[in-house]
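Each chain is listed here by its residues.
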Amino acid sequence: MADQNSNGRWYEPVNPNEHSYTPGYGFSTRPPFLVEQKLIAGYSGAAAFAMLGFLFLSSFLPQTMLQLTYQVLPLWAPIALEEFLWQCYILIGTVVSLMLPFWGFTCYTRIPRDCAIPLRRVDPRLMTGAVLAAAAAGVIGGWANTAADRLFYGLGIEFLNTFEVPGSVPGLVVYVINMTLIPAVFEEIAFRGMLMQSLRRFGDGFALLASALLFALAHQIPVSMPNAFLMGLVIGYFVLFTGSVTTGILIHLTHNLLVTLTGLFAYLPSQAAELAFGGFDLFCLILGLGALAELMCRYPGIFSLRGPCTVNPGEQKLRVFLCSIPMFLFYVVILLQAARYRL
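As the structure is a prediction and not an experimental result, all values here were calculated from the model.

Caption draft 1: Structural context of unusual backbone geometry. Even without being glycine, Arg110 reaches a positive phi, approximately 60°. The phi angle at Gln220 is positive, at roughly 70°, despite the residue not being glycine. With respect to the secondary-structure elements, Gln220 resides in the loop between α8 (204–217) and α9 (225–242).

Caption draft 2: Representation of the pattern of salt bridges in the model. Under the counting rule described, the total for this entry stands at five salt bridges. The salt bridge partner of Arg200 is Asp204, with a shortest N-O separation of 2.8 Å. With a closest N to O distance of 2.3 Å, Arg298 and Glu294 form a salt bridge. A residue pair is termed a helical-turn pair when its members lie 3 or 4 positions apart in one helix, as Arg298 and Glu294 do in helix α11 (residues 270–298) at four residues. For Arg298, a relative accessible area of 28% corresponds to the partly exposed category. Through salt bridges that share partners, Arg200, Asp204 and Arg306 make up one connected network.

Caption draft 3: View of helix α5 (residues 124–154). A rise of 1.5 Å per residue sets the reference length of α5, with its 31 residues, at 45 Å; its end C-alpha atoms lie 45 Å apart and thus fit the reference within 8%. Between the side-chain oxygen of the N-cap and the backbone nitrogen of Arg125 there are 3.0 Å, and the N-cap of α5 in question is Asp123. After α5 finishes, the residue Gly156 shows a positive phi value of roughly 80°.

Caption draft 4: Fine view of the environment of Asn256. Take Asn256: it is sitting in helix α10 (residues 245–263). Considered as a pair, Asn256 and Pro183 are 73 residues apart in the sequence and their alpha carbons are 8.7 Å apart. Leaving out residues up to four positions away in the same chain, Asn256 has contacts with Met179, Thr180, Pro183 and Ala184.

Caption draft 5: Broad picture of the nonpolar core. Core analysis: the largest hydrophobic core is formed by 60 residues, its most contacted members being Phe102, Phe191, Leu214, Phe321 and Phe330. At the level of elements, α2 (32–72), α3 (79–109), α5, α7 (181–199), α8, α9, α12 (314–322) and α13 (325–340) are the ones that each hand at least two residues to this core. The biggest single contributor to this core is α2, with ten residues. Residue contacts for Phe330: discarding those within four places in its chain leaves Ala48, Met51, Leu52, Leu55, Leu214 and Leu217. Among the nonpolar cores identified, the runner-up in size contains six residues, and Phe265, Phe280, Cys284 and Leu285 belong to it.

Caption draft 6: Up close: the confidence of the model for the protein. Of the residues in the protein, 90% have a pLDDT of 70 or more, and the chain-wide mean is 89. A low-confidence stretch, residues 1–14 (pLDDT under 50), is modelled with eleven contacts involving residues beyond four sequence positions or located in other chains.

Caption draft 7: Examining the packing of α2 against α3 more closely. At their nearest, the axes of α2 and α3 sit 8 Å apart, and the two run at 155° to each other. Taken together, the axis directions place α2 and α3 in an arrangement best described as roughly antiparallel. As α2 packs across α3, the resulting crossing turns out to be right-handed. Of the residues belonging to the contact of α2 with α3, the class tally is 24 nonpolar, eight polar and one charged.

Caption draft 8: Helix α6 (residues 169–179), seen in detail. Three or more residues of α6 are buried, namely Gly171, Val174, Tyr175 and Asn178. Buried residues of α6, seen end-on, are gathered within an arc of 110° and therefore sit on one face of the element. Buried positions along α6 lie against α3 and α7. Its side-chain oxygen 3.4 Å from the backbone nitrogen of Gly171, Ser168 forms the N-cap of α6.

Caption draft 9: Representation of the packing of α5 against α9. Two numbers describe how α5 lies on α9: the axes approach to 7 Å, and their chain directions differ by 165°. Judged by the inter-axis angle, α5 sits roughly antiparallel to α9. The interaxial crossing formed by α5 with α9 has right-handed handedness. Here Leu126, Ala130, Ala133, Ala134, Ala137, Gly138, Ile140, Gly141, Gly142, Ala144, Asn145 and Ala148 of α5 lie close against α9, whose contacting residues are Met225, Pro226, Asn227, Leu230, Met231, Val234, Phe238, Phe241 and Thr242. Of the residues in the contact of α5 with α9, the class split is 15 nonpolar, six polar and no charged.

Caption draft 10: Fine view of a nonpolar patch on the surface. Among the surface-exposed residues, Ile92, Val96, Leu100 and Trp103 lie close enough to one another that they form a single nonpolar patch of about 380 Å² accessible area. Looking at where Val96 falls in the secondary structure, it is placed in helix α3. Residue classification places Val96 among the partly exposed residues on the basis of a relative accessible area of 31%.

Caption draft 11: Fine view of the environment of Phe54. Within the secondary structure, Phe54 sits in helix α2. The contact partners of Phe54, leaving out residues within four places of it in the chain, are Ser97, Leu98, Pro101, Phe102 and Ala218.

Rules behind the numbers
Residues numbered from 1 in each chain as written. Predicted model: local features only at pLDDT ≥ 70, side-chain atom pairs only at ≥ 80, totals over all residues. Heavy atoms only, no water. Helix = DSSP H or I, 4+ residues; strand = E, 2+ residues; numbered from the N terminus. Salt bridge = Lys/Arg side-chain N within 4 Å of Asp/Glu carboxyl O. Buried < 20%, exposed > 50% of the residue type's maximum accessible area, 1.4 Å probe, protein only. Expected span 1.5 Å × (residues − 1). Polar contact = N/O pair within 3.5 Å; in protein donor to acceptor, adjacent residues only side chain to side chain. Contact = heavy atoms within 4.5 Å. Core = buried A, V, L, I, M, F, W, Y, C linked by side-chain atoms within 4.5 Å. pLDDT = per-residue confidence, 0-100. Axes fitted to C-alpha atoms, helices over the stretch in contact; angles between N-to-C directions. Parallel < 35°, antiparallel > 145°, perpendicular 65-115°, else oblique. Left-handed = near helix turned anticlockwise from the far one by under 90°. Nonpolar A, V, L, I, M, F, W, Y, C, P; charged D, E, K, R; others polar. Arc of directions from axis to C-beta. Patch = residues over 30% accessible without salt bridge, like charges linked within 9 Å, V, L, I, M, F, W, Y side chains within 5 Å. Areas by Shrake-Rupley, 256 points an atom, 1.4 Å probe, with all protein chains shown as cover.

Structure below.
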């Protein structure tokens, strides 16, 4: 023992990460709340790198594939072919940029595949009610986006919040798929599946809020973030309640289809467009509120989340998760990306 003391190795813990050293007392077990915070910080870093990977791949892959195509595409190639190929590259880039980084996140968290992407069978009546209620939330989210747009405009800041629509039919078909089906399926698998389900070990409320925040930031355009955050909360909650990512996919797809449909109203005369927008919003609100009331009657505890089995309070868990160094790096990249959309 004397030799060990002279070398400063009088006691070595089995796992140094789970013990702390106190002068005069030696090594002792770390408090459970510190062990949990370290685990949350690890999840935070992994989630931040998954988000950074998503941003990098989604902007890098389509451009790279297009540049490679220009090397072999003849100079006389029609613009319609270029539009079609560009939309195809966006589709491929979206799928790869969502699946690859978030798959890496699940490898870090070691969540089983059937838990990362839950696919329980859902009662059709429950699914229908969830879709209609989420449509009403989408109307409110649209108003929040408009308010944010006006706020930034009042500050002298404008953002480009539209996408270039292809002129050719093949390009337009793939464009519609990119705006509706692809994000509905793969964003739900990534955010409400792999990400949120992994974070549920720290509590459903924490997982819901954290995944909705990251989902909003992933949209990059500040005036689009309010609706993305609200829909992230609504979709995430119904995924938790039904136990199936399929619910989120159907809600997300319906929301995207409605947004695409209402976008056609802009081609109407100004007064007719305002009337169409207002009437459509009112219709969705009435239908959604009615569906929500019916769900509340059928499921009395529909708005109760499972309590967390954690030692840290909710605000402390969010602080640790959102304030890690990799997460701050992600915030900086989001600010730089948002500046690209500024007019």
